[in-house]
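# Tertiary structure, described
Residues per chain are reported as follows:
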Amino acid sequence: VIKALREHLGSDGRLDFLCTAVNAAALKDSPWLDACLRFEPGRFLARPWRLFSFLHCLRAQRYDWVLDLDQSLRSSALLAVASGATWRGGFNSPGQHKHGAFHASTPNHKQVHEFEQFKAEAA
């Protein structure tokens, strides 16, 4: 999905990825990303004021669009809104109510493999 987004944006577009430490390790040396921003909820539990600093930095990037690839984590939809992006897209997961944060959403079907859903959302 990241490679397809990079190809769509071309070399002039900026592609950042916001993720937790688990995914950051997998994306560490990705040639398709300009930046991998780490969201570490535990840091904010210990020092809540750091969340405001993080959100300020996120919003300062002035993203044109945000694509939320998480199917169930509600905080990812809140981060998409907090980014200030002019367009937001993500999954409409049953019982999660995340789709209200998005301008466009793709149904999350449990019977369809995640990879196929990601491709459909990125298209």
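For the structure, check the block above.
The structure contained in this document is the topic of the report that follows. Because the structure is predicted, anything quoted here is derived from the model rather than measured.

Parameters and conventions
- Residues numbered from 1 in each chain as written.
- Predicted model: local features only at pLDDT ≥ 70, side-chain atom pairs only at ≥ 80, totals over all residues.
- Heavy atoms only, no water.
- Helix = DSSP H or I, 4+ residues; strand = E, 2+ residues; numbered from the N terminus.
- Rg over C-alpha atoms; globule rule 2.2 N^0.38 Å.
- Buried < 20%, exposed > 50% of the residue type's maximum accessible area, 1.4 Å probe, protein only.
- Areas by Shrake-Rupley, 256 points an atom, 1.4 Å probe, with all protein chains shown as cover.
- Lys, Arg positive; Asp, Glu negative; His and termini not counted.
- Charge placed at Lys NZ, Arg CZ, Asp CG, Glu CD.
- Pairing = 2+ DSSP bridges.
- Axes fitted to C-alpha atoms, helices over the stretch in contact; angles between N-to-C directions.
- Expected span 1.5 Å × (residues − 1).
- Right-handed = clockwise from strand over helix to strand, strands pointing away.
- Salt bridge = Lys/Arg side-chain N within 4 Å of Asp/Glu carboxyl O.
- Core = buried A, V, L, I, M, F, W, Y, C linked by side-chain atoms within 4.5 Å.
- Contact = heavy atoms within 4.5 Å.

This part covers the overall build of the protein chain. Summing up its helical and strand segments, the protein chain has six helices and five strands in all. What you see for the protein chain is a C-alpha radius of gyration of 14 Å, in line with the 14 Å of a compact globule of 123 residues. The principal-axis extent of the C-alpha atoms belonging to the protein chain is close to 40 × 40 × 30 Å. Residues classed as buried in the protein chain amount to 35% of the 123 residues present. With the model as given, the accessible surface of the protein chain reaches about 8,100 Å², and the carbon-plus-sulfur share is 56%. Here the protein chain holds 15 positive side-chain charges and 12 negative ones, and the gap between their average locations is 8 Å.

Reading across the sheet, the three strands line up as 3-4-5 and stay open at both edges, with parallel pairing between neighbours. Across the chains shown, the open sheet's two edge strands, defined by having one partner strand only, are strand 3 (65-67) and strand 5 (104-107). On average, each strand axis in the sheet is inclined to that of its neighbour by 15 degrees, with strand direction left out of account. One ladder, built from three bridges, connects strand 3 with strand 4 (residues 87-92); its direction is parallel. Along strand 4, the bridge assignment pairs Trp65 with Trp87.

Taking 1.5 Å of rise per residue, the 12 residues of helix 4 (residues 49-60) would be expected to cover 16 Å, and the 17 Å separating its terminal C-alpha atoms lies within 8% of that figure. Looking one or two places after helix 4, you find Arg62, whose phi comes out positive at around 55 degrees.

Where the polypeptide runs from strand 3 across helix 5 (residues 74-82) and back to strand 4, its parallel neighbour, the crossover connection is right-handed. Taken together, the four bridges between strand 4 and strand 5 define a ladder with parallel strand orientation. The residue of strand 5 that forms the bridge with Phe91 is Thr106.

A few words on the pattern of salt bridges. The final tally for this structure, using the stated rule, is four salt bridges. Close ionic contact of Asp16 with Arg14 constitutes a salt bridge, the shortest N to O distance being 3.2 Å. Notably, a salt bridge pairs Glu40 with Arg38, separated by 3.3 Å at the nearest N-O pair.

Bringing the nonpolar core into the picture now. Residues Phe39, Phe44, Phe54, Leu58, Tyr63, Val66, Ala77, Leu79, Ala80, Ala85, Ala101 and Phe102 constitute the largest nonpolar core, which totals 12 residues. Listing elements by their share of this core, those giving two or more residues are helix 4 and helix 5. Ranked by residue count, the leading element in this core is helix 5, at three residues. Not counting the four nearest positions on each side in its chain, Phe44 is found in contact with Phe39, Arg50, Leu51 and Phe54. Ranked by size, the runner-up nonpolar core spans 10 residues in total, among them Ile2, Leu5, Leu15 and Leu27.

Each regular strand displays side chains that alternate between the two surfaces of the sheet. Two strands pair when backbone bridges link them, and strand 1 (residues 16-19) and strand 2 (residues 35-38) are joined in this way by four bridges, in the parallel orientation. By the bridge assignment for strand 2, Phe17 is matched with Cys36. Each parallel crossover has a hand, and for strand 1 linked through helix 2 (residues 21-27) to strand 2 it is right-handed.

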